[in-house]
Amino acid sequence: MDFILKHEKIWKKVGIVGGVYLGMKYLVPLMVPFLIAALAAYWLRPLFLRIEKWFRIKPAFSACVFLLLFAAAGGVAFYFLGSQLWGLVSRFFADEEVGIYMEQALLNCCQAAERMLGFPAGQVEHVVTTQVRVLVREMQGSWMPKAMDGSMMAVKGVGKAVAALVITAISFVLWSGDFEKIKEESAGSAIWQQLVRIARGILQAVGGYVKAQCIIILVIMGICTTGFFLAGSSYALLFGICTGLLDALPVLGTGIVIVPWILVVVLQGEYGAAVILGITYGICTLVREVLEPRLVGRRLGLFPILVLMGVYVGVKVYGTGGIVLGPLSLLVIQELWGEMEL
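Reading the values: the criteria
Residues numbered from 1 in each chain as written. Predicted model: local features only at pLDDT ≥ 70, side-chain atom pairs only at ≥ 80, totals over all residues. Heavy atoms only, no water. Helix = DSSP H or I, 4+ residues; strand = E, 2+ residues; numbered from the N terminus. Buried < 20%, exposed > 50% of the residue type's maximum accessible area, 1.4 Å probe, protein only. Expected span 1.5 Å × (residues − 1). 1 Å grid on protein atoms, 1.4 Å probe; cavity = no way out; pocket = protein on both sides within 12 Å on 5 of 7 lines; lining within 4 Å. Points joined across faces, edges and corners; volume = space filled by probe spheres on them. Nonpolar A, V, L, I, M, F, W, Y, C, P; charged D, E, K, R; others polar. Arc of directions from axis to C-beta.

Description of unusual backbone geometry
- Even without being glycine, Arg-56 reaches a positive phi, approximately 60°.
- With respect to the helices and strands, Arg-56 occurs in the loop between α2 (8-55) and α3 (59-94).
- With a relative accessible area of 73%, Arg-56 lands in the exposed category.

Some thoughts on helix α7 (residues 236-247)
- The first and last C-alpha atoms of α7 sit 16 Å apart over 12 residues, in line with the 16 Å expected at 1.5 Å per residue.
- Considered for burial, the residues of α7 that qualify are Ala-236, Leu-238, Gly-240, Thr-243, Gly-244 and Asp-247.

Description of empty space enclosed by the protein
- As enumerated under the stated definition, the model contains one cavity of 30 Å³ or more in all.
- For the largest cavity, the calculated volume is near 50 Å³.
- Around the largest cavity, the lining residues are Ala-41, Arg-45, Phe-48, Leu-49, Pro-59, Ser-176, Phe-179 and Glu-180.
- Of all the secondary-structure elements, those providing two or more residues to the lining of the largest cavity are α2 and α5 (123-185).
- The element that contributes the greatest number of residues to the lining of the largest cavity is α2, accounting for four residues.
- Split into classes, the residues belonging to the lining of the largest cavity amount to five nonpolar, one polar and two charged.

A look at helix α8 (residues 255-267)
- Taking 1.5 Å per residue, 13 residues should reach 18 Å; α8 reaches 18 Å between its end C-alpha atoms and fits that length.
- For α8, the complete set of buried residues consists of Gly-255, Ile-258, Trp-261, Ile-262 and Val-265. End-on view of α8: buried residues confined to an arc of 145°, all on one side of the axis.
- Of the residues trailing α8, Gly-269 is marked for its positive phi of about 85°.

Just geometry here; none of it tells us what the structure is for.
Pasting the structure below:
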């Protein structure tokens, strides 16, 4: 007991770390719709208060109007961007030159493998084409059950997403309407004031973190699009956007696209394109390694090395979502430790 009392602060800090881990791991996923609604209501609160002052319109009604306008604008943007991307994808799969290029690439890869391994001409090509035909037949025989299973999973996923959106929208309206009342009724509570201080720092950091990640993804998209265009791809924009989005995933990243592409063009003898793709991959890796700790660290108020550690440990502990939850866990721990010292 004396040992515990002597190191009381240390045990409190350990308890905070454990509590943050359990909260991020199990509580936050359940509370995501309500947290998003609370964040949106908090950020838009000054606007709704001005509208109420100028036009005598209640914040809850302003929130409903905002949701309608946001849904309309989002729908138009999604339709426009989606139609453009769908056009690129359709043109890619309908382009006969793409099929010819892929067949030629496969043939060149097989020939290069035969030369390196010393196999007779046509042997590797025969094995590969035979395996491809077997794979196609198996896929044709099993596509229907898999398609049905995939359809059911997709329907369930869409249903859950729609339900989450509806809950988020309703929560946003309720938060906007009752925000001031909740603030007034809780004004005299010391615990509430402490929670408000912690939440304010976290809310500011969350906005900064999202902005930083969006900036990094846009930069990576631009670099990939430019690199793919210089490498001679006719679909540089499509591949650049897809690769930029994949770069946000720690397990996949740009390498899942660029590294196999480099191998293919090397086997085809297109060494210039391989060099350009390699440089593109190196720049993307360097940009994320440099920008992420600096941008995110600056906005979260953490040292870059701590942000990098947070991302790495977060992915190991929380899975893919750790790229967000890791740094945020560090931020919450830092805020709670700071409050403990007051």
